[in-house]
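# An overview of the molecular structure
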Amino acid sequence: MREDFPIFERKIGGKKLIYFDSASTTQKPKEVIDAVASFYKTANSNVHRGLYFLSREATEIFEATREKIRKFISAEEAREIVFVRGTTEAINLVATTFGKKFVKRGDEILISEMEHHSNIVPWQMVCQDRGAKLKIIPVTDSRELNLQEAEKLITKKTKLVAITHVSNVLGTINPVKEITKLAHKKRVPVLVDGAQAVGHIKVDVRDLDCDFYAFSGHKMYGSTGIGVLFGKKEWLEKLPPYQGGGEMIKQVTFEKTTYNDLPYKFEAGTPDIAGVVGLGAAIDYVTKVGADPIQRHEKELLKYGQEALSSIGGVKIFGRTRNKTGIISFILERVHPHDVGTFLDGEGIAIRTGHHCCQPLMERLGVVGTCRISFGIYNTKQEIDKLKTALLKARDFFHGTN
Ligand code: PLP
């Protein structure tokens, strides 16, 4: 599979690139790059607007991809798939429109302690705007969501629960189906942040029964700038439009505008058509490789990686739950994560360091930041061996034994 990714032909500082930052963005297979290039070379035109052949063709590809995504995440209808820029925009779309329509003074929005800023700040803004309160599901010492607390925190005041499917710091896979059940018992809708789940584990929105599901194309081997909001049609129909402009209207006069049907009501302006084409190619690619082999490969790397890192004295790993994706957060004692990251960069190894857009979780873990390695389907055990050697070198360098 590694050969499918042209970027690995590159050398960084004369060394073969080792890329351990797929949670940030995955590398792109040739299929995706070619699909985007081919769209611009042979089919470029705007969608839903032109009567001419090229525009009809672009529209067909665009809508066929919507259907492909529906199938990929097992949504009921294609009109429940809204194209957005990414997870962040999908959450902002729901927070803004849901907040405007349903949240009032004294209401509560429930999120968790392990959320990415993208699933904190939009809700905080809604709460500030509407006079509502943000409530937090705590993380246990084993770095899982505290379900008993979650149950208690869902009350008559709760308007919506927004949780991440997979933590981008810990890799923990959260029991979102169970939480959705708890919330639905009290008639509370649930939004799931699927940024770290799609492309790594099988996602079936009908089985999860969540009301909204958000994800980004670029974290599942597609291009940047494109993402998806799934929403149950009953909910999407109730929400007001997010942005105004072309495409989202049926009729405009200076006195009044009537809005378009789903999903176009939420797709104002020209979308990232090439991005949609790339996302379609990414889905084809992930489907070809297969959800099970992908998960198996990541699990194997996770086990191997955790063992390798644990064997280095002075390394502390955060989050060792059994139900995890291929993400490992760690620190090298007495060394700032940025120093570790810079050292590894010198060895041609790309890892992510810092707070990972999860400052409240960092506070819970009692650190300023962590080093994070995250796997894609192109990573190998040999790369983990090289990481271990480089980390030992880093430890000797920073701890002064060299
Ligand atoms: N949610 C989680 C869990 C993430 O890991 C990320 C990105 O790292 C996001 C949301 C935001 O995704 P994007 O920047 O693609 O909108």
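Residues numbered from 1 in each chain as written. Predicted model: local features only at pLDDT ≥ 70, side-chain atom pairs only at ≥ 80, totals over all residues. Heavy atoms only, no water.

### Details of the pattern of salt bridges
A side chain with one charge may pair with a side chain of the opposite charge, provided their charged atoms come close. Applying the stated criterion across every chain yields a total of 27 salt bridges. When the shortest N-O distance is used, the salt bridge between Glu89 and Arg85 registers 3.8 Å. (Salt bridge = Lys/Arg side-chain N within 4 Å of Asp/Glu carboxyl O.)

### Points about the confidence of the model for the protein
In the predicted model, the protein carries a mean pLDDT of 97, and 100% of its residues have values of at least 70. Here strand β1 (residues 11–12) stands out as the least confident element of the protein, with mean pLDDT 90; strand β9 (residues 212–216) is the most confident, with 99. (pLDDT = per-residue confidence, 0-100. Helix = DSSP H or I, 4+ residues; strand = E, 2+ residues; numbered from the N terminus.)

### So, the pairing of strand β6 (residues 133–137)
Pairing of strand β5 (residues 108–112) with β6 involves five bridges; the strand directions are parallel. Within β6, the residue paired with Glu108 across the bridge is Lys133. Of the crossover connections in this fold, the one passing from β5 over helix α4 (residues 121–130) to the parallel β6 is right-handed. (Pairing = 2+ DSSP bridges. Right-handed = clockwise from strand over helix to strand, strands pointing away.)

### Brief notes about unusual backbone geometry
It is generally the case that most residues other than glycine have a negative phi and that most peptide bonds are trans. Note that the residue after Leu262, namely Pro263, is joined by a cis bond; omega there is 0 degrees. Its place among the elements puts Pro263 in the loop between β12 (257–259) and α9 (273–289). Unusually for a residue other than glycine, His48 sits at a positive phi of about 60 degrees. Structurally, the position occupied by His48 is in the loop between α1 (30–43) and α2 (53–72). Using a relative accessible area of 28% as the deciding quantity, one classes His48 as partly exposed. Phi is positive for Asp209, close to 65 degrees, though the residue is something other than glycine. Relative to the helices and strands, Asp209 resides in the loop between α7 (205–208) and β9. (Buried < 20%, exposed > 50% of the residue type's maximum accessible area, 1.4 Å probe, protein only.)

### Here we look at the packing of aromatic side chains
Describing an aromatic ring pair means giving the distance of the ring centres and the angle of the ring planes. The full count for this structure, using the stated rule, is 17 aromatic pairs. Aromatic pair Phe5 and Tyr285: ring centres 5.8 Å apart, planes at 85 degrees, arrangement edge-to-face. Residue Phe5 is found in the segment before β1, and its partner Tyr285 is found in helix α9; the two are separated by 280 residues along the sequence. Owing to a relative accessible area of 1%, Phe5 belongs among the buried residues under this scheme. (Phe/Tyr/Trp six-rings, centres within 6.5 Å; stacked < 30°, edge-to-face > 60°.)

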